[in-house]
Amino acid sequence: MNPNTIHDVCSNKTTLESLSESFLKEELSLYDKLKKVNYGPKVKYVLKPVEYAWEIHWDFLQKYCRSAKKILFLGMNPGPWGMMQNGIPFGESSSARDFLRVVGSVKTPPSFHPTRPILGLSCTRSEVSGKRFWGLASHLSAGDPLLFFEHSFVYNYFPFCLLDEKGKNVTPPELKGLEAGVKEYIEQACDASLIDVLKLLQVEVILTIGRYAQNKVQGLVNKRNLPQLVVYMPHPSPRNPARMEELFNEKWMKVAIELAEKALAQGEVPVGCIFVRGEEIIAKGRNDVNRTRNATRHAEMICIDEVFERFKATDVFKDVSVVVTVEPCIMCAGALHDLGVCSVVYGCANDRFGGCGSVFDVAAVHHRPVPVHGGVFASKAMELLKTFYMGVNPNAPPAKVKTRKKTECKLVS
Ligand SMILES: [Zn+2]
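Quantities reported herein were computed from a predicted structural model and do not represent experimental measurements.

Trainee: Before we move on, can you summarise the overall build of the chain with the specific residues and values?
Mentor: For the chain, the helix and strand inventory stands at 16 helices and 11 strands. Sorting the 413 residues of the chain into buried and exposed places 42% on the buried side. Counted over contacts in the chain with a minimum sequence separation of 6, partners at least 24 positions apart contribute 70%.

Here it is in C-alpha cells:
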C-alpha cells in the first residue's frame with residue numbers, strides 16, 4: 001500500500017483490518033467531529049497533526065499499535081514542539097528519531113503560526129515533557145521500544161494543537177468565550193472516542209499524565225462505571241503541571257471559599273471544604289462548631305460524614321481530592337490520612353492547630369502519606385478569618401471573639 005493521504009490508509013481494504021488501522025479510524029472519526037468546532041476568540045490556529053504528519057504517525061501506529069495494551073498513558077493534547085511537529089504523542093523530535101525510530105516526512109498544514117513552522121523529525125527544538133516522557137519509556141524498557149509497547153500505548157484526550165495569535169499553546173481548560181454547548185460537545189466527542197480506544201486496545205489501567213487528564217478520566221470512569229483503574233502521574237512538562245494544578249485547585253477552591261463565607265454569615269469560624277471525585281463534588285461542608293456546640297464539627301468532618309451517609313463505604317475516599325480553605329487541624333488531617341484520600345489542597349496555614357506541617361506533620365508519621373498542597377487563594381481565606389476574629393462580621397457572636405487574639409488570625413478548624 002502506498003497511500004497519498006492518511007485517509008487512503010482506511011479505504012480500499014481487501015483484508016481484515018489490523019489493530020493499527022482500527023485505531024487510526026477511531027482517531028480520524030474524532031477528527032471529523034472536532035473539525036466543525038469553533039474554538040473561540042482566543043484560538044487563531046488549529047493544527048491537526050495526524051493529517052499533515054500522517055506518514056510519521058502511520059509509521060508509529062504500524063510499528064507499535066499491533067497488540068492489546070494493558071496500560072494506556074493518557075495526555076491532554078499535543079504540544080507545539082512535540083506532537084504538533086511530527087504526529088507522535090509527546091513527540092520530542094530526537095526521542096521520535098532515536099528511541100522510537102519512526103520515519104517519514106510532513107506536509108505543510110493549511111495554516112500555521114510563523115514562529116511555529118512544522119518541521120517534522122528535523123525539528124531541532126527539544127520539548128522537555130516529550131524528552132522526559134520518552135526518556136522514562138526508554139528507561140523502563142532498557143532502550144527497546146518494542147518492549148515498552150508490548151503492554152503500553154500513549155494517547156491524547158484531545159487531539160488538536162490550538163495556538164493563540166502569539167503562537168502560545170492553548171490547552172483545552174484554557175479555552176475561553178466558547179459558544180453555548182461547545183465545551184460539552186468537545187467533551188462528549190473526546191469521551192466517546194476515549195471509551196472506544198479503551199475497548200479497542202483492551203486497556204486495564206489508564207495512567208493519566210497530569211491533573212487535567214486525571215480529572216477528566218476519573219470523572220468519566222465513575223460516570224460510566226468503566227472497569228479501568230485510573231492512576232495519576234504528574235505531567236513531565238516544566239510549565240503545564242503547575243498551571244494545570246492551579247486551574248484545578250482554583251476552580252474548586254472558589255467553591256470552598258463560598259462555603260467559608262456562608263459559615264462567616266452564620267457566626268462560625270469561616271472554613272469551607274469540599275470533597276471532589278473526578279468532576280463531581282460529592283460533599284460540601286463548613287464549620288458548624290458554634291451552632292452544634294460540638295468542637296469536632298469541622299468542615300472536613302462534615303464532608304466525611306456526608307460521604308459515609310451517601311456511599312455507606314470507605315473505598316470511595318481513595319478517589320477524593322479534599323479542597324479546604326484552611327490547613328486541616330491535626331484531628332482532621334489524621335482522619336483524612338487514615339481514610340486514604342487522594343490529595344489535600346488548602347488555602348491559608350493554620351498556625352495553632354495545623355496538621356499538615358504548621359504545628360505537626362501527620363504525613364511524616366503516616367504509613368501512607370497523602371500529597372498536600374497549600375497556599376491556594378491563601379490571602380482570601382485569611383481575610384475571612386480576619387473578618388471573623390476582628391469582629392467585623394455583624395453576625396459574629398461577640399462572646400466568641402477573643403480580644404486577646406485580635407492581632408492574630410491563626411485559630412481555626
Ligand atoms: Zn479540623
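Trainee: Tell me about the environment of asparagine 290, and name the residues and values.
Mentor: Among the secondary structure elements, asparagine 290 is positioned in helix H12 (residues 289–292). A C-alpha to C-alpha distance of 8.4 Å links asparagine 290 and valine 269, two positions 21 residues apart in sequence.

Trainee: Describe the sheet that holds strand S6 (residues 229–233), with residues and values.
Mentor: The four strands lie next to each other as S3-S2-S5-S6, forming an open sheet whose pairing is parallel. The open sheet has two edge strands, strand S3 (152–156) and S6, and neither has a second partner. Adjacent strand axes in the sheet meet at a mean angle of 25°, parallel and antiparallel pairs treated alike. Direction of pairing for strand S2 (residues 71–75) relative to strand S5 (residues 205–209): parallel, over a ladder of four bridges. Considered in S5, the bridge of phenylalanine 73 is made with leucine 207.

Criteria and cut-off values
- Residues numbered from 1 in each chain as written.
- Predicted model: local features only at pLDDT ≥ 70, side-chain atom pairs only at ≥ 80, totals over all residues.
- Helix = DSSP H or I, 4+ residues; strand = E, 2+ residues; numbered from the N terminus.
- Buried ≥ 20, exposed ≤ 12 C-beta atoms within 10 Å, placed from the backbone.
- Contact = placed C-beta atoms within 7 Å.
- Pairing = 2+ DSSP bridges.
- Axes fitted to C-alpha atoms, helices over the stretch in contact; angles between N-to-C directions.

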